[in-house]
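Topology and contacts: notes
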Amino acid sequence: METSQTNQPDLKNQILSRIEKDALCPDSRLIISSKEYAMWGLWFLTVLLGALSVAVTLFVLMHRQYSFYQVTHTSFLTFMVDVLPYLWIAMFSVMVIFAVYNFRHTKHGYRYPLWKILGSSVILSLAGGALLHLGGVGFSLDRTIGNFSKEYTSQEKLEMRFWQNPEEGRLVGVFLGAEDGVPLPLVVLEDARGTRWEMNVAELNDVDIRIIESGKRVRVLGVLENALPAQFYACAVFPWIYEQRYSMHELGEMKRSMQERILRHTQALPGVVEEGKCSHLVLKGAF
Amino acid sequence: MDNTEFQLSDEEIVAMTLREHSSFGFIIERYEAKLKRYIGRLGVRNYDDQADVLQEIFIKAYKNLNSFDTSLSFSSWIYRIAHNEAISWYRKHNVRPEGHLIADGEEVLALLKSKEEGVEAAYDKEVNAEELGRAMEEIDEKYREVLILRYFEHKEYEEISDILKIPTGSVGTLISRGKKQLYNVLNQNALRI
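These notes cover the structure that comes with them. Bear in mind that the values here come from a model prediction, so they are computed numbers and not experimental data. (Residues numbered from 1 in each chain as written. Chains lettered and ligands numbered in written order. Predicted model: local features only at pLDDT ≥ 70, side-chain atom pairs only at ≥ 80, totals over all residues. Heavy atoms only, no water.)

**A few points about the overall build of chain A**
Heads up, the condition is: By the criteria applied, helices consist of DSSP H or I runs no shorter than four residues and strands consist of E runs no shorter than two, each listed in order from the N terminus. Working definition: with a 1.4 Å probe on protein chains only, accessible area under 20% of the residue-type maximum means buried, over 50% means exposed, and in between means partly exposed. Here a residue-residue contact requires only that any non-hydrogen atoms of the pair lie within 4.5 Å. Here the accessible surface of atoms and residues is derived via Shrake-Rupley with a 1.4 Å probe, and residues count as covered only by protein chains that are part of the display.
Counting its regular elements, chain A contains twelve helices and five strands. Looking at the 287 residues of chain A, the share that counts as buried comes to 43%. Counted over contacts in chain A with a minimum sequence separation of 6, partners at least 24 positions apart contribute 62%. When the accessible surface of chain A is split by element, carbon and sulfur atoms take 62% of a total near 15,400 Å².

Below is the structure:
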């Protein structure tokens, strides 16, 4: 085995000659450092993308109007199947895998056990996602991608699909006010498809009226009275949260306010509306 | 070569080499025998092949000198290169790694009697280097690699972690499982005899 002693000068000379002959030089420190920085950069990018996915997922999960699922779906399960942001959940999972891969390929990444790298990547993405969500990034990102891409179903598009459905008693639109010659309590609403509805607002309360008077796009829950001419009986009005840029705090407040209203309806309305046109909503559990 | 070379640390020689390439000869002299023995144990057995692989190891080490991380020992760093070169050599040649364990009595004894990592049932039968060498060839590659580094190259866990690029905790686990598998193979081979 110890033949190396006799070969030692040969190998050394061979290598040194080859270094000289081929003009070999140690690779630049800059190139080596840039590879390391690139790996950390990729790791950061994957964690950031994971955090963005979490931000959108949190936005969807926390600001979906769960209180209305009885109105738009047959059960909570079918509602969740429809609204879960699969794309973002899948993206988060893929980004976590890439983050682990990138971290493992940094200079000292191999020293840490897989569960620590995985755990830290997930926690960082979740924490970053929570912060971005609080800053309204999830909401904005979902909406912006939805505006730019026809293929992407943003929460706004999804909500529009659920609510622009007059046959089922739901409309999205803007109140245009009372038209000349139309007696109160009938007002006019132009829905998302451009149809003008003659809307009976007799059963709306003060909060509903204030929302209508804001002039912004709203969601209306009620009863289809006639398709042609378009006539609708309004039972409740809710803001359309995608109409303008709301802070996450405002969105939270809006959601709480709507939940309180629904609770008040549930407690106060049965005796009043049992015989009215909105009674079916009470029976259905929407209020 | 004068005596000052022997007093210099590997890291100092690396720094010298970056200024003057001929200093790399000190590194070659220091590591040639060790790495030759190591790649032989990993499966590069033929003399010419060993010379080729050694040359590639040192050339690669030279070209990557700037990536040497001083938080590692130089020994671990160059062993890592040697390990990777040996693996790529036998993958390129499409051969199964067959170790050529040059184990003296003390190494065999250390491997089999060691009770570290919870392997309680130290092998108590008589075994010689040849039998052990055969058994080592039969165990999984991942176990053979750590056992070679631990018991034949006498590397510490952290060094093995740096050479194989695995967490230190995994080194202990692999050694423990490797020894169990080795005992099983030795027992099976003994039964066959």
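We are not done yet, so read on.
**Things to note about the packing of helix α5 (residues 86-104) of chain A against helix α6 (residues 114-134) of chain A**
Residues and elements named next belong to chain A. Our working definition: Axes here mean lines fitted to C-alpha atoms, for a helix over just the part in contact, with angles spanning 0 to 180 degrees between N-to-C directions. In what follows, roughly perpendicular refers to angles from 65 to 115 degrees, roughly parallel to angles under 35, roughly antiparallel to angles over 145, and oblique to any angle outside these ranges. By convention the crossing between two helices is left-handed if the near helix lies anticlockwise of the far one by an angle smaller than a right angle, and right-handed if it lies clockwise. Any residue that is not Ala, Val, Leu, Ile, Met, Phe, Trp, Tyr, Cys, Pro, Asp, Glu, Lys or Arg is counted as polar, Gly included; the first ten are nonpolar and the last four charged.
Where α5 meets α6, the closest approach of the two axes is 9 Å, and the angle between their N-to-C directions is 130 degrees. The pairing of α5 with α6 is recorded here as oblique in orientation. Both α5 and α6 take part in a crossing whose hand is right-handed. Counting all contacts with α5, which are made through Phe92, Val96, Ala99, Val100, Phe103 and Arg104, the residues of α6 involved are Leu114, Ile117, Leu118, Ser121, Val122, Ser125 and Leu126. For the contact of α5 with α6, the class distribution of residues is ten nonpolar, two polar and one charged.

**Considering the pattern of salt bridges**
Heads up, the rule is: One speaks of a salt bridge when a side-chain nitrogen belonging to Lys or Arg is within 4 Å of a carboxyl oxygen belonging to Asp or Glu.
Per the counting criterion, the structure on display carries ten salt bridges over all chains. Measuring nitrogen to oxygen at the nearest pair gives 3.4 Å for the salt bridge that ties Arg111 of chain A to Asp162 of chain B. Taken as a pair, Arg111 of chain A in the loop between α5 and α6 and Asp162 of chain B in helix α9 (residues 157-164) lie in two separate chains rather than in one. Classification of Arg111 of chain A by relative accessible area gives partly exposed; the value is 29%. Between Glu156 of chain A and Arg143 of chain A there is a salt bridge, with the nearest N and O atoms lying 3.0 Å from each other. A residue pair is termed long-range when its members are at least 10 positions apart, and Glu156 of chain A in helix α8 (residues 155-163) and Arg143 of chain A in helix α7 (residues 137-148) qualify at 13 residues. Linked through salt bridges whose partners overlap, the residues forming this network are Arg18 and Asp22 of chain A together with Glu56 of chain B.

**Digging into the interface of chain B and chain A**
Put simply, the rule reads: Here the quantity called buried area is the accessible surface, traced with a 1.4 Å probe, that two parts lose on coming together, added over both.
In this complex, chain B contributes 35 residues to the contact, which on the side of chain A involves 28 residues. Surface buried jointly by chain B and chain A totals about 3,000 Å² across both partners, of which 59% is contributed by carbon and sulfur atoms. Summed over the shared surface of chain B and chain A, the number is three salt bridges. Every element with two or more residues in the side of chain B that touches chain A is listed here: α3 (24-42), α4 (47-63) and α9 of chain B. Ranked by residue count, the leading element in the side of chain B that touches chain A is α4 of chain B, at nine residues. Across the side of chain B that touches chain A, the residue classes tally to 15 nonpolar, ten polar and ten charged.

**Looking at helix α5 (residues 74-92) of chain B**
This is how the line gets drawn: Given the number of residues in a helix, its expected span is that number minus one, multiplied by 1.5 Å.
For α5 of chain B, spanning 19 residues, the distance from its first C-alpha to its last is 27 Å, which sits close to the expected 27 Å at 1.5 Å a residue. When you tally the buried positions in α5 of chain B, you get 15 out of 19 residues, the bulk of the element.

**Some remarks on the sheet that holds strand β3 (residues 196-200) of chain A**
Residues and elements named next belong to chain A. The following threshold applies: In this scheme, strands are said to pair when DSSP sees at least two bridges between them.
Taken in spatial order, the five strands of this closed barrel run β1-β2-β3-β5-β4, and their pairing is mixed. For this sheet the average axis-to-axis angle between neighbouring strands, irrespective of direction, equals 55 degrees. Bridging between strand β1 (residues 170-177) and strand β4 (residues 218-226) involves four bridges; their strand directions are antiparallel. If you follow Arg170 over to β4, its bridge partner there is Leu221.

**Examining the nonpolar core**
Going by this rule: As used in this record, nonpolar core signifies buried Ala, Val, Leu, Ile, Met, Phe, Trp, Tyr and Cys residues forming a set joined through side-chain atoms within 4.5 Å. How far each domain reaches was decided by an automatic or database domain assignment.
One finds Phe24, Phe58 and Ile78 of chain B to be the most contacted residues of the largest nonpolar core, which totals 60 residues. The greatest single-element share of this core, amounting to ten residues, is contributed by α5 of chain B. Residue contributions to this core reach at least three from each of two domains, namely domain 1 (8-92) and domain 2 (105-192) of chain B. Once you skip the residues sitting within four places of it in the chain, Phe24 of chain B turns out to touch Ile15, Leu16 and Ile19 of chain A together with Thr17, Phe58, Ala61, Tyr62 and Leu65 of chain B. In this structure, Val56, Met80, Phe139 and Val172 of chain A belong to the second largest nonpolar core, which totals 20 residues.

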